[in-house]
Amino acid sequence: DVRRVLLDKQRDLVERAAGLTAAPDATGNISFGKRVGDGTSLAVERLTQVAAHEQMLVQSEEVQRALDKLDEGTYGVCDGCGATIPEGRLEIHPWAVRCVACAAG
């Protein structure tokens, strides 16, 4: 059932996002000098986590829109052009709310 798949995906995104927003471990007195070290690695890791979190929020909004479309009776219809979203696309990305052409443009 599509609704169950979407709800499971939404729960997974919420759990993963919560893990990324947790406060970082105590880092002590790590310095950010000229050499690549713990401080630089920590900064890069944190930037990567922020980007992943933002991507999860976008995907979570897409999942919610797909759930709304199920309720509206418009699931499988592109929000951009109104065409039917191909079944293969919905099998791969059940939260897709736009056809490939609209998603790419």
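In this text the structure is predicted, and so the values were computed from the model without any measurement.

Thresholds applied
Residues numbered from 1 in each chain as written. Predicted model: local features only at pLDDT ≥ 70, side-chain atom pairs only at ≥ 80, totals over all residues. Heavy atoms only, no water. 1 Å grid on protein atoms, 1.4 Å probe; cavity = no way out; pocket = protein on both sides within 12 Å on 5 of 7 lines; lining within 4 Å. Points joined across faces, edges and corners; volume = space filled by probe spheres on them. Helix = DSSP H or I, 4+ residues; strand = E, 2+ residues; numbered from the N terminus. Nonpolar A, V, L, I, M, F, W, Y, C, P; charged D, E, K, R; others polar. Core = buried A, V, L, I, M, F, W, Y, C linked by side-chain atoms within 4.5 Å. Buried < 20%, exposed > 50% of the residue type's maximum accessible area, 1.4 Å probe, protein only. Contact = heavy atoms within 4.5 Å. Salt bridge = Lys/Arg side-chain N within 4 Å of Asp/Glu carboxyl O. pLDDT = per-residue confidence, 0-100. Polar contact = N/O pair within 3.5 Å; in protein donor to acceptor, adjacent residues only side chain to side chain.

*Asks:* Honestly, the layout of surface pockets in this entry has me stumped. Any pointers?
*Replies:* Using a probe with the size of a water molecule, rolled over the atoms, empty space left in the structure can be pinpointed. By volume, the largest pocket is sized at about 260 Å³. What lines the largest pocket is a set of 14 residues, among which V58, Q59, E62, H93 and W95 lie closest to the centre. When residues of the lining of the largest pocket are assigned to their parent elements, the largest contribution, six residues, is made by helix α2 (residues 38-72). In terms of residue class, the lining of the largest pocket is built from seven nonpolar, three polar and four charged.

*Asks:* Whenever I open this one, the nonpolar core confuses me. Can you help?
*Replies:* Nonpolar side chains tend toward joint burial in soluble globular proteins. In this structure, L6, L13, A17, M56, V63, A66, L67, W95 and V97 together form the largest nonpolar core, which totals nine residues. Residue assignment for this core shows that the elements contributing at least two residues are α1 (2-21) and α2. Per element, the largest residue contribution to this core is four residues, and it comes from α2. Once residues lying within four places of it in the same chain are set aside, the contact partners of V97 are E62, R65, A66, K69, V77, C78, D79 and I85. The next biggest cluster of nonpolar side chains, apart from the first, holds five residues, and it includes C78, I85, A96 and C99.

*Asks:* Looking at this structure, how should I read the environment of A96?
*Replies:* Among the structural elements, A96 can be located in the loop between α3 (87-92) and α4 (100-104). A96 gets classed as buried once you look at its relative accessible area, which sits at 5%. Excluding residues within four positions of it along the chain, A96 makes contact with I85, R89 and L90.

*Asks:* Help me out: how do you make sense of the pattern of salt bridges in this one?
*Replies:* Note on pairing: side chains with opposite charge can pair once their charged atoms come close. One pass over the structure, following the stated rule, counts seven salt bridges. Sharing partners across several salt bridges, the network here consists of R65, K69, E72 and D79.

*Asks:* Explanation requested: the confidence of the model for the protein chain in the structure shown.
*Replies:* As a note on interpretation, predicted positions should not be read in detail where pLDDT is low. Residues of the protein chain with pLDDT of at least 70 account for 81%, and the chain-wide mean is 85. Ranking the elements of the protein chain by mean pLDDT puts α2 last, at 85, and α3 first, at 96.

*Asks:* Would you mind showing me how to read the side chain of Q10 here?
*Replies:* Along the chain, the position of Q10 falls in helix α1. Among the residues examined, Q10 registers a relative accessible area of 14% and is labelled buried. At a separation of 2.7 Å, a polar atom in the side chain of Q10 contacts the side chain of S60. Apart from residues lying up to four places away in sequence, Q10 is in contact with S60, V63 and Q64.

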